[in-house]
Amino acid sequence: MSSNTAQSTGFSRRTALKLFGAGAGTVGLGTLGIASPAAASTVVPAASDTGYWNKVREMFTLDKRILYMNVGTVGSPPRQVLDVVDAVHRQVARDAEASYSDFADVRAVIAKAHGVDTDEIVITHNTSDGMSKALLGLNLRVGDEILTTNHEHSGGDTPLALARDRYGVVIKRVELPIGDDQVAEDYVELFRAGITGRTKVIMFSAPTYLTGTMLPIRMLAELAQQHGIITVVDGAHIPGMMAYDFRELGVDFLAGAGAKWQCAPGGTGILYIRNRVTAANPTPLPEFWPMVSSGYPRDESVDLRSRDESQDIGKYAQSIGNGTKALNAGVKKAGEIWDEIGRQRIQDRVVGLADRTKELIVERWGIQSLYSAKSDTRLTCALTGFNPFQNPADVKDSAKSAAFVSRLLDEYGIEVRNTSLSVIGDSAKHSPLRVSTHLFHQPSDVDRLIDAAWKLSKKMA
Ligand SMILES: Cc1ncc(COP(=O)(O)O)c(C=O)c1O
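Conventions we followed
Residues numbered from 1 in each chain as written. Predicted model: local features only at pLDDT ≥ 70, side-chain atom pairs only at ≥ 80, totals over all residues. Heavy atoms only, no water. Pairing = 2+ DSSP bridges. Helix = DSSP H or I, 4+ residues; strand = E, 2+ residues; numbered from the N terminus. Axes fitted to C-alpha atoms, helices over the stretch in contact; angles between N-to-C directions. Left-handed = near helix turned anticlockwise from the far one by under 90°. Contact = heavy atoms within 4.5 Å. Nonpolar A, V, L, I, M, F, W, Y, C, P; charged D, E, K, R; others polar. Core = buried A, V, L, I, M, F, W, Y, C linked by side-chain atoms within 4.5 Å. Buried < 20%, exposed > 50% of the residue type's maximum accessible area, 1.4 Å probe, protein only. Phe/Tyr/Trp six-rings, centres within 6.5 Å; stacked < 30°, edge-to-face > 60°. Lys NZ or Arg CZ within 6 Å of the ring centre and 35° of its normal. Near = heavy atom within 4 Å. Polar contact = N/O pair within 3.5 Å; in protein donor to acceptor, adjacent residues only side chain to side chain. Areas by Shrake-Rupley, 256 points an atom, 1.4 Å probe, with all protein chains shown as cover.

### Overview of the sheet that holds strand β4 (residues 170-174)
Step number 1: The mixed open sheet is built from 7 strands, whose spatial order is β2-β8-β7-β6-β5-β3-β4. The sheet terminates laterally at β2 (121-124) and β4, the two strands that pair on one side only. Averaged over all adjacent pairs, the angle separating strand axes in this sheet is 20 degrees, with direction ignored.
Step number 2: Judged from the 3 bridges that link them, strand β3 (residues 145-149) and strand β5 (residues 199-205) form a sheet pairing that is parallel. Within β5, the position partnered with Glu 145 by the bridge is Thr 199.

The structure is reproduced here in structure tokens:
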């Protein structure tokens, strides 16, 4: 079993047995028509899995001339998703259908996949939408502190800035380290040191989009709970990449993308709002108000100041006038396809490919070239950040880094991206490469990327 199952203690073994044990032969034989590999996936997929994953790859319409490794920016919906979206769009047009719906059927699929209930899931427009809805729905007051990091995406940073300017909230930032030199406990200590008596919310990305390091969500949620602090996770990359049980994570809110690793249509996202008192989080959800709603009762039957699980918070936040039936049908189909392949299997595969990527990077460029974590599997995921240059100082040259990305595409047909981030102890920003390994990749694609990046780094030395 691969890394990161520690995030969701208690579910991984059971799920693994279900997927790879007695029932393994039936996984993937359904509507996808793809026979499963006989054995469980290993960290680096066995050669015998190649045929299976080639079939999976055939489900996608990605341009075969390009090796696309930038799923962290946007994924690619499989054919079945495209067909459903197209058919529903056409049906809606033909029948001039309105859709005043809470899309409970779609939310039920996503909820089940992540171990929660339908009333805890909202299909949003994207991660940014989910982050705004979560953060700006809280009861924030002047002087409240929100503890976050210096590696946040604008999708989370922007609602923080709005909260600061509108309510007088104080934003404090933990400075995150880079590379492979830390363990999960180090992140907990960093956050612990930043907590004060006024800290109301801890907000962090997991993984961070700048380094690809997965922060230890469950451990940080436990820390927050010890201090009565609300947790909001920017989990843009989690849906479709990691098989997390949201309830087991113990967080209050988690916003993710539909269109990245989940390969749902563009303009879709997934927001988890914990509406249950559970072992992993034994207090009621804090005061929370849907920011946009046409489904919130207007008859004073609900008072969200006092929490009650029967309040259908997901429905209140989901119902916002005439919705998009076609995109929601696409989210549902993408979710069903992932469930059929098996979310743990996908996680093992994509993280396994990232593990391979990191191994090969370390062989060529050395361990210090990594911006992502590698050794502590609680901190790894399917994103890999690294410095591709022969002269390590070149990573501070943003123009050279941009040229590396475009030459990798032009000369080798491989699409990745770079990022730009602050590094502790350095006044200059660094611009490492970021590689996404997904279920339409093979180990040979990773090898090809590494060879190409190595050759290009020699040419650009
Ligand atoms: C960590 C993180 N948060 C938020 C976003 C914004 O995502 P979306 O386009 O789904 O709003 C991204 C996009 O790359 C991201 O990496």
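### Quick notes on the sheet that holds strand β9 (residues 383-386)
Step number 1: Strand order in the open sheet formed by 3 strands is β9-β14-β11, and the pairing between neighbours is antiparallel. Looking along the sheet, the strands with just one partner apiece sit at the ends: β9 and β11 (417-418).

### Thoughts on the packing of helix α13 (residues 398-412) against helix α14 (residues 443-459)
Step number 1: In the contact formed by α13 and α14, the axes pass within 10 Å of each other and the chain directions differ by 115 degrees. Our pair here, α13 against α14, has a crossing hand that is right-handed. Note on element contacts: α14 touches α13 through Arg 448, Leu 449, Ala 452, Ala 453, Lys 455, Leu 456, Ser 457 and Lys 459, opposite Phe 404, Arg 407, Leu 408, Glu 411 and Tyr 412.
Step number 2: When the residues that make up the contact of α13 with α14 are grouped by side-chain class, the tally is 7 nonpolar, 1 polar and 5 charged.

### A few points about the nonpolar core
Step number 1: Ranked by internal contacts, the top residues of the largest apolar core, which has 70 residues, are Ile 217 and Leu 439.
Step number 2: Looking at this core element by element, the count peaks at 8 residues for helix α11 (residues 325-341).
Step number 3: Counting 31 residues, the second largest nonpolar core, distinct from the first, contains Leu 370, Phe 404, Ala 453 and Met 460.

### Points about the packing of aromatic side chains
Step number 1: According to the stated counting rule, one finds 9 aromatic pairs in the structure shown.
Step number 2: Ring geometry for Trp 365 and Phe 386: centres 5.2 Å apart, planes at 65 degrees, overall edge-to-face. Highlighted residues: Trp 365 in helix α12 (residues 343-365) and Phe 386 in strand β9, separated in sequence by 21 residues. There is no split in this pair, since Trp 365 and Phe 386 are both buried.
Step number 3: Through a chain of ring-to-ring contacts, the aromatic side chains of Trp 365, Phe 386 and Trp 454 assemble into a single cluster.
Step number 4: The ring centre of Tyr 52 lies 5.2 Å from the NZ or CZ of Arg 345, which sits over that ring.

### What to know about the site of the ligand
Step number 1: Surveying the vicinity of the ligand reveals the residues Gly 72, Asn 126, Thr 127, Ser 128, His 153, Ser 205, Tyr 209, Asp 234, Ala 236, His 237, Ala 257 and Lys 260.
Step number 2: Between Lys 260 and the ligand, the recorded distance is 2.7 Å, taken from a side-chain N or O atom to an oxygen atom.
Step number 3: Relative to its free-state accessible area of 400 Å², the ligand is covered by the protein chains to the extent of 87%.
Step number 4: A breakdown of the residues in the shell around the ligand according to their chemical character gives 3 nonpolar, 7 polar and 2 charged.

Any functional reading would require information beyond the geometric quantities listed.
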